[in-house]
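A closer look at the structure
Listed below, chain by chain, are the residues.
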Amino acid sequence: MTRSEFNGMPLVPGVAAGFVVVQKFHDTEVPGLKEPDGAEVTREGQVAFWKQAQERVLGFLDGLKSKTLAEAGAQSAAIFDAQQMMLTDPVLEAEIMRGINEGMSARDAVIRTTESLIARFKALDNDYMRERAADIHDLKLRLLQAIDGAARGRNCDDGSSAKGGTIIVAEDLTPSDVALLDKDALLGIVMERGSLTSHASILAKALGRPAVIGVEGICEAVQSGSVVIVDGDDGKVIVNPNPDEIDRCERASGKSDQNVRRIACTDGGGLFVKTSDGKRRVELALNIGGPDDLGAAQRLNIPGINVGLCRTEFIFLDRASMPTEEEQTGAYVDIIRSLMPGEVTFRVLDVGGDKSIPALRLPIEPNPFLGVRGIRLLLNRPEILKTQIRAILRAAAAAGTTVRVMFPMVAVVDEWVQAMEIVSTVQDELCRGGNSVDWSAIAKWGMMVEVPATALSIEEFAPTADFFSIGTNDLIQYTMAADRNSPTVAYLYRPMNKGVTRLIRQTVQGAHAHGKPVSVCGEMAASIEALPLLIEAGVDELSMAAALVPSVARAVSEA
Ligand code: PEP
Ligand code: MG
């Protein structure tokens, strides 16, 4: 077999050698759908096909959202929120119904409507908007699969989703294709087309496997079972590499994990990486969205790495009643134990905005992101906060370690003071429970900086808070007045905007003036583009999904 080399654009650094699985272009066409008795489908039947398909794709996207949230974090998962919004857009719905009323099949009406939207997005004079065409293309394919499946009682991802395994080679992948990949089996990704800023690429980056895009001719050159090397450092793909190259690659890819351990140290708790001039030491920590993320953290295999953000919403979701103190304690103990000796930072319940907890039966607000969110709800319903704090402190005691606890969405000092009064009450109650635990020393107490007013008045909080964690996902949306999940205002949602970066600097300066450390735990923490700024601003810790730690560690060591 002849060796050949292809060049493309590096998307995710690292090298991997493996067997190819070719991800085929979706071919969903099922011509001439008929009713079960063989009759032509009526207009009502077409409407039913469309409605069922819409329902199925919405449900399918819910599944992708949860998987992506667990594997890659909230900002990546928001890609599928945006797709759900597009799918329920009244203009799109009306256009599809118009097609059906004109006598088209549901399938043809979906094709006409989505293709005209794709053409409109592609014509826009803005790279970001042009790339949204790919999201509509993704929706179109899933809808067509669902329409064909609706007629045959199948799901919208039957037979078409990329099965994980070795190295995926595709002409192009849609965001949902990437989200469906089995991360455990995946070694690398190669795309013949693709763009660096597409949603599929953003999701591929979060998977953290070497990836190269824009590799012209690769689909012709390989078939499932071919052996390739993906070189995400140099943007190269080698088909049928010789044994020496495979050997070198395997040593290099083994090294990339050891690399983290070589360039970082975990002495004294926490994973620290030095910048190339040796002048700065930055801590890298993990974001955990619940027990599903523990596998990824363990695979990283860096004992002692801390958790900079454990979102506790997981234990409140998808249930009819609130979790008891015992249930919560058990769940928190499991998390603490599986990450020891690393220390876990629990963020207490951050509900509201786009996160809803059915068990709370909260009223619908006109502007949920500006309404009763985070600490506002917890202070309105102190019994929820008390139960959760008791559970976290008891979990730390049961595991025989310390934890950090932080509050979301703090906007004014009074909220912080009230929250800490509740903490004192809980500590007093636990002390009265009579055992030898020093409840006042078992946790450090901090807050998220997500509201611009908090960043601007950080000196008021700094004397009494133990630490700060900048939630850039929200800080950016509130600074720019741009919904973090809206594709239409995404051009404003920019981490590197001067207003945002000034708030970050100001937070670090104000906190450091009182000797308090600052972490960044939003998606910006893993942005290689933002890294020099965050280091220069003096941020002490960057917290991110486990899969992103190796590439950020390397970037810090080279900064
Ligand atoms: C943030 O806002 O950056 C953050 C980490 O919190 P969440 O994404 O859970 O709102
Ligand atoms: Mg937030």
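Okay, so let's go over this structure.

How each quantity is defined
- Residues numbered from 1 in each chain as written.
- Chains lettered and ligands numbered in written order.
- Predicted model: local features only at pLDDT ≥ 70, side-chain atom pairs only at ≥ 80, totals over all residues.
- Heavy atoms only, no water.
- Axes fitted to C-alpha atoms, helices over the stretch in contact; angles between N-to-C directions.
- Helix = DSSP H or I, 4+ residues; strand = E, 2+ residues; numbered from the N terminus.
- Parallel < 35°, antiparallel > 145°, perpendicular 65-115°, else oblique.
- Left-handed = near helix turned anticlockwise from the far one by under 90°.
- Contact = heavy atoms within 4.5 Å.
- Nonpolar A, V, L, I, M, F, W, Y, C, P; charged D, E, K, R; others polar.
- Near = heavy atom within 4 Å.
- Polar contact = N/O pair within 3.5 Å; in protein donor to acceptor, adjacent residues only side chain to side chain.
- Areas by Shrake-Rupley, 256 points an atom, 1.4 Å probe, with all protein chains shown as cover.
- Core = buried A, V, L, I, M, F, W, Y, C linked by side-chain atoms within 4.5 Å.
- Buried < 20%, exposed > 50% of the residue type's maximum accessible area, 1.4 Å probe, protein only.
- Donors = N, O, S within 2.8 Å, 3.2 Å for Na, K, Ca; no water.
- Phe/Tyr/Trp six-rings, centres within 6.5 Å; stacked < 30°, edge-to-face > 60°.
- Pairing = 2+ DSSP bridges.
- Right-handed = clockwise from strand over helix to strand, strands pointing away.

At a minimum axis separation of 10 Å, helix α13 (residues 382–399) and helix α14 (residues 413–432) run at an interaxial angle of 55°. By the criterion of interaxial angle, the relationship of α13 to α14 is oblique. Like other packed secondary-structure pairs, α13 and α14 cross with a definite hand, here right-handed. Facing P382, L385, K386, I389, R390, L393 and R394 of α13, the residues of α14 in contact are I422, V423, T425, V426, Q427, E429 and L430. Among the residues making up the contact of α13 with α14, the classes are represented as eight nonpolar, two polar and four charged.

A word on the site of ligand 1. Around ligand 1 there are 15 residues in total, and R311, R347, G471, N473 and R484 lie nearest to it. R311 is positioned with one of its side-chain polar atoms (N or O) 2.7 Å from an oxygen atom of ligand 1. Starting from 290 Å² of accessible surface for ligand 1 in isolation, the protein chains cover 100%. Where the shell around ligand 1 is concerned, the elements lending two or more residues are β12 (307–311) and α17 (472–480). For the shell around ligand 1, the leading source of residues is α17, giving three residues. When the residues that make up the shell around ligand 1 are grouped by side-chain class, the tally is three nonpolar, four polar and eight charged.

Here is a general trend for soluble globular proteins: nonpolar side chains tend to be buried in one another's company. Ranked by size, the top nonpolar core spans 97 residues in total, and within it L284, F407, F468 and L542 carry the most contacts. Broken down by element, the residue count for this core peaks at nine residues, all from α13. Excluding residues within four positions of it along the chain, F468 makes contact with M447, V449, I458, F461, A462, A511, K516, P517, V518 and S519. Counting 52 residues, the second largest nonpolar core, distinct from the first, contains F121, A133, I168 and L180.

Attention now moves to the coordination of the magnesium ion (ligand 2). Each pair of donors in an ideal four-coordinate tetrahedral metal site encloses 109.5 degrees, whereas pairs in an ideal six-coordinate octahedral site enclose 90 or 180 degrees. The coordination sphere of the magnesium ion (ligand 2), as far as protein atoms go, consists of E450 (OE) and D474 (OD), spread over 2.0 Å. Of this pair, E450 sits in the loop between β15 (443–449) and α15 (452–456) while D474 sits in helix α17; the two residues are 24 residues apart in sequence, bridging distant segments of the chain.

Centre-to-centre distance and the angle between the planes together describe a pair of aromatic rings. Per the counting criterion, the structure on display carries three aromatic pairs. With centroids separated by 6.0 Å and ring planes inclined at 80°, the aromatic side chains of F407 and W416 adopt a geometry described as edge-to-face. Of the two residues, F407 and W416, neither departs from the other in class, the shared state being buried. Plain terms: the ring middles of F407 and W445 are 6.5 Å apart, the flat faces sit at 25° to each other, and that makes the pair stacked. Of the two residues, F407 is situated in strand β14 (residues 403–407) and W445 in strand β15; the sequence distance between them amounts to 38 residues. Each member of the pair F407 and W445 is classed as buried. Three or more aromatic residues link up through ring pairs in this structure, and these residues are F407, W416 and W445.

By the secondary structure assignment, T113 is in helix α4 (residues 106–122). T113 sits in the buried class, given a relative accessible area of 4%. When near neighbours in sequence (up to four residues on either side) are disregarded, T113 contacts L92, E95 and I96.

Once that is clear, we can look at the pairing of strand β13 (residues 344–347). Side chains of β13 alternate between two faces, with V344 and F346 and T345 and R347 buried alike. Relative to β13, β12 runs parallel, the two sharing three bridges. Looking at β13, one finds that R311 is bridged to R347. One crossover worth recording links β12 to the parallel β13 by way of helix α11 (residues 325–339), and it is right-handed. In this structure, β13 lies alongside β14, joined through three bridges in parallel fashion. Its bridge partner being in β14, R347 is matched across the sheet by M406.

Quick look at the side chain of R132 now. On the secondary structure map, R132 appears in helix α5 (residues 127–152). Judged by its relative accessible area of 1%, R132 is buried. At 2.8 Å, the side chain of R132 forms a polar contact with the side chain of D135. Apart from residues no more than four positions distant in its own chain, R132 is found in contact with F121, T197, S198, H199 and P487.

We now examine the pairing of strand β10 (residues 271–274). Of the strand pairs in this sheet, strand β9 (residues 264–265) and β10 are connected by two bridges, and their pairing is antiparallel. Bridge pairing in β10 places A264 opposite V273. As paired strands, β10 and strand β11 (residues 281–288) are joined by four bridges and run antiparallel to one another. Bridge assignment links L271 to a residue of β11, and that residue is L284. Counting the residues in the hairpin turn of β10 and β11 gives six residues, including G278, whose phi is positive at 75°.

The next thing to look at is helix α7 (residues 199–207). For α7, a buried count of seven out of nine residues is recorded, marking the element as mostly surrounded by other parts of the structure. Three or more residues of α7 are buried, namely H199, A200, S201, L203, A204, A206 and L207. Two residues or fewer past α7, G208 is found with a positive phi of approximately 75°.

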